[in-house]
Amino acid sequence: MRWRRSLGRTALGLTLVSLPEKPGSQGIPGKLLKRKGASVYVYEFSRPEFRGDCKHERRYAKKPFHADVLRDNMDQSGVLLWVKAEPFIVGALQIPPPSKFSLHYLRKISTYVRTRTIEGGYPRLSWSTWRHIACGKLQLAKDLAWLYFEMFDSLAMKTPEERLEWSEILSNCMSEDEVEKQRNQLSVDTLQFLLFLHIQQLNKVSLRTSLIGEEWPSPRHRSQSPDLTEKSSCHNKNWNDYSHQAFVCDHLSDLLELLLDPEQLTASFHSTHSSLVSREAVVALSFLIEGTVSGARKIYPLYELALWQPLHAETGFSKTSKTFSFYKLEAWLRTCLTGNPFGTSACLKSGKKLAWAHQVEGTTKRAKIACNTHVAPRMHRMVVMSQVYKQTLAKSSDTLVGAHVKIHRCNESFIYLLSPLRSVTIEKCRNSTFVLGPIQTALHLHSCDNVKVIAVCHRLSISSTTGCIFHILTPTRPLILSGNQRVTFAPFHTHYPMLEDHMARTGLATVPNYWDNPMIVCRENSSPSVFRLLPPCEFYVFIIPFEMEGDTTEIPGGLPSAYQKALSQREKKIQVWQKTVKEARLTKDQRKQFQVLVENKFYEWLINTGHRQQLDSLVPPAAGSKQAAG
């Protein structure tokens, strides 16, 4: 089918494509309309892959890429690069970074580790060397040094079996010294870790712009990210792909200089016109940047595109020295960087809209849920839901598997997402309960009130929450960031049939479990009174009211003894009550009167506790408003 010629930039029409030869000789289906110089043509495609003027605004069409396009077709079109979302969604801690993570100190670390190759400084940075640098030179607490090291390590591509093996090793340690001995066996990629430390500046708030290179707000940097409600939902920079792109573009020179060998820098740690960038540095930069080519479905790491033969002149790669020209490489990166086609903005603009939740009669708010899983490759999947109001939403779906999930502005609802997830962010929600499948990386809550969260997750972090309860199973210490009040932690207390299978797929084990040992990260929360552990007398198990296939029939790992004892004592009271009723020898009429009395008291209790709404919301919607599949 031939696409219509566009009258505007946002519809598909004319596209500028850089080609090594005249397009007609490349066998590209389409029509040459106008020549622009020696190597740039205005070309109308009969089967285009982009919308808009690719020189100014590159966007992916809604149709997926063609899977049969091979790498040797890369010479048929230009290269597109974008900033990866996951390092910012999962890897950037939602607090201002330590002052010693400034570029000045990171440059000193970069130079220092290269002199400590034997001690485990370069090209792999060992935990013992990082502990020495962080605690001895940067004056960080040991727990904070381990937090950043472990956060980065959790982003590494590891199999579930490798993650479970590490959990087993830690669970067999009998003392802190044994744990430390095992940690000393760990190492991470040095250059990528330096980039990871630098992107912590994403959430830095400072007027001293000279330290981090930020500018005052301008139209160019103003958030353009759309929301499901046509307002900005990306108050959290971690989910704002425009912020990711602006950060990398504004700090690109700094990022490249951080990766340079010391001899390529001046005494003040700056590059020169003759500075050369190693292949290893470009491989490290692939931690933040990836890309593709027109017509190809495959996503390539940055270094593969930079090393592609036809681009050597643009990227400044020399086959003789096996290095890149600093300034040519930087110029090529700036030219090719564009918006993330799998980011939050693209998901909200052109993602598939899901009808998982029906509109509640009498309300003006409509639940809106979007995903990109129909076009996004693995590790790029997103699901964003907003304004679920007074409903029970339950899903166990392939759409959710391995996805980054954002839940925004939900109120008085019960949400069950019973699939293995990559990460979950819950923001600005009120008076709701969230039951989540195992989360492979991070679960973060921000600006939530009176919310209950039940989850198995690798890491939990919370900021600006009030009166929230967390029933969790986690192998890392929960992070209490800034602005929290009346936080309650409790043991994980539910199960569903596929839970243990989902835990195995995400590499999460039942031990170690640090649900009761939170880490207060921010100084303003230094008082232990900011949180409490749920008293056993207030503890009840949670029943997931849905039938599923699977083998899990009990809470993984069981309950702590104090909580199990409280349940047993409550069960004994019920048995005593039942025995008392039985021995009362009531007449038939008395039993009826007694039954009515008990039911009335129970109904009263349901209303007073708010559980009546939960039960009512479990009633399936009418036939005309059934929740959609997917």
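The numbering scheme is per chain: residues are counted from 1 as the chain's sequence reads. For a predicted model such as this one, the threshold for reporting local features is a pLDDT of at least 70, and the threshold for listing and counting side-chain atom pairs is 80 or more; totals across whole chains, interfaces and linings nevertheless cover every residue. Hydrogens are left out, water is left out, and the side-chain values use all remaining heavy atoms of the structure.

Participant: So what's going on with the overall build of the protein chain? Which residues, and what values?
Facilitator: Counting its secondary structure elements, the protein chain contains 19 helices and 28 strands. Evaluated residue by residue, the protein chain yields a buried proportion of 51% over its 630 residues. By sequence separation, contacts in the protein chain at least 24 residues apart represent 58% of the contacts at least 6 residues apart. Per-residue accessibility takes into account occlusion by the displayed protein chains alone, with areas from the Shrake-Rupley method and a 1.4 Å probe. Per element, the accessible surface of the protein chain, about 30700 Å² overall, is 52% carbon and sulfur. Labels follow the DSSP assignment, with helices taken as runs of H or I lasting at least four residues and strands as runs of E lasting at least two, numbered in each case from the N terminus. Here's how the labels work: a residue is buried when its accessible area is under 20% of the maximum for its type, exposed when over 50%, partly exposed in between, all with a 1.4 Å probe on protein chains only. Two residues qualify as a contact provided that any one of their heavy atoms is within 4.5 Å of a heavy atom in the partner residue.

Participant: Break down the sheet that holds strand E11 (residues 300-301) for me, citing the residues and quoting the values.
Facilitator: By the convention used here, strands pair only if DSSP detects at least 2 bridges between them. With respect to topology, 3 strands assemble into an open sheet ordered E6-E10-E11, the strand pairing being antiparallel. In the strand order of this sheet, the two ends are held by strand E6 (79-83) and E11, each with one partner.

Participant: Can you lay out the packing of aromatic side chains for me, pointing to particular residues and giving the numbers?
Facilitator: Note on ring pairs: Phe, Tyr and Trp rings are taken, using the six-membered ring of Trp, and paired if centres are within 6.5 Å. Classes follow the plane angle, with under 30 degrees stacked, over 60 edge-to-face and the rest tilted. Taken as a whole and assessed by the stated rule, the structure comprises 21 aromatic pairs. Joined through ring pairs, the aromatic side chains of Trp-127, Trp-130, Trp-146, Phe-149, Phe-152, Phe-193, Phe-196 and Phe-287 make up one cluster. Think of it as a cone above the ring: NZ of Lys or CZ of Arg counts as a charge over the ring if it is within 6 Å of the ring centre and within 35 degrees of the ring normal. The lysine or arginine in question, Arg-183, covers the ring of Trp-146, its NZ or CZ lying 4.0 Å from the ring centre.

Participant: Break down the side chain of Gln-94 for me, with residues and values.
Facilitator: Looking at the element boundaries, Gln-94 is found in the loop between helix H1 (86-89) and helix H2 (103-114). You can call Gln-94 buried: its relative accessible area is 18%. In contact with Gln-94, other than residues within four places in its own chain, are Ile-89, Asn-203, Asn-238, His-444, Ser-461 and Leu-481.

Participant: Which residues make up the environment of Asp-189, and what values do they have?
Facilitator: One can find Asp-189 in strand E8 (residues 187-189). When the C-alpha atoms of Asp-189 and Arg-124 are compared, they prove to be 4.8 Å apart, with 65 residues separating the residues in sequence. In this structure, Asp-189 is in contact with Pro-123, Arg-124 and Phe-152, ignoring residues within four places of it in sequence. Pairing of N or O atoms within 3.5 Å defines a polar contact, subject to two protein rules: one partner must be a possible hydrogen donor and the other a possible acceptor, and residues neighboring in sequence count only if both atoms are side-chain atoms. Within the structure, Asp-189 has its side chain in polar contact with the backbone nitrogen of Gln-192 (distance 2.9 Å).

Participant: So what's going on with a negative patch on the surface? Which residues, and what values?
Facilitator: For patch building, the residue pool is restricted to those with more than 30% relative accessible area and no salt bridge; the joining distance is 9 Å between like charges and 5 Å between nonpolar side chains (Val, Leu, Ile, Met, Phe, Trp, Tyr). A carboxyl oxygen of Asp or Glu within 4 Å of a side-chain nitrogen of Lys or Arg is what we treat as a salt bridge. For the purpose of charge, His is not counted, nor are the chain termini; Lys and Arg are scored as positive and Asp and Glu as negative. A single reference atom marks each charge: NZ on Lys, CZ on Arg, CG on Asp, CD on Glu. Together, Glu-161, Glu-162, Glu-165 and Glu-168 make up a region of like negative charge exposed at the surface. Looking at the element boundaries, Glu-161 is found in helix H5 (residues 160-171). On the basis of relative accessibility, which here comes to 56%, the residue Glu-161 falls in the exposed class.

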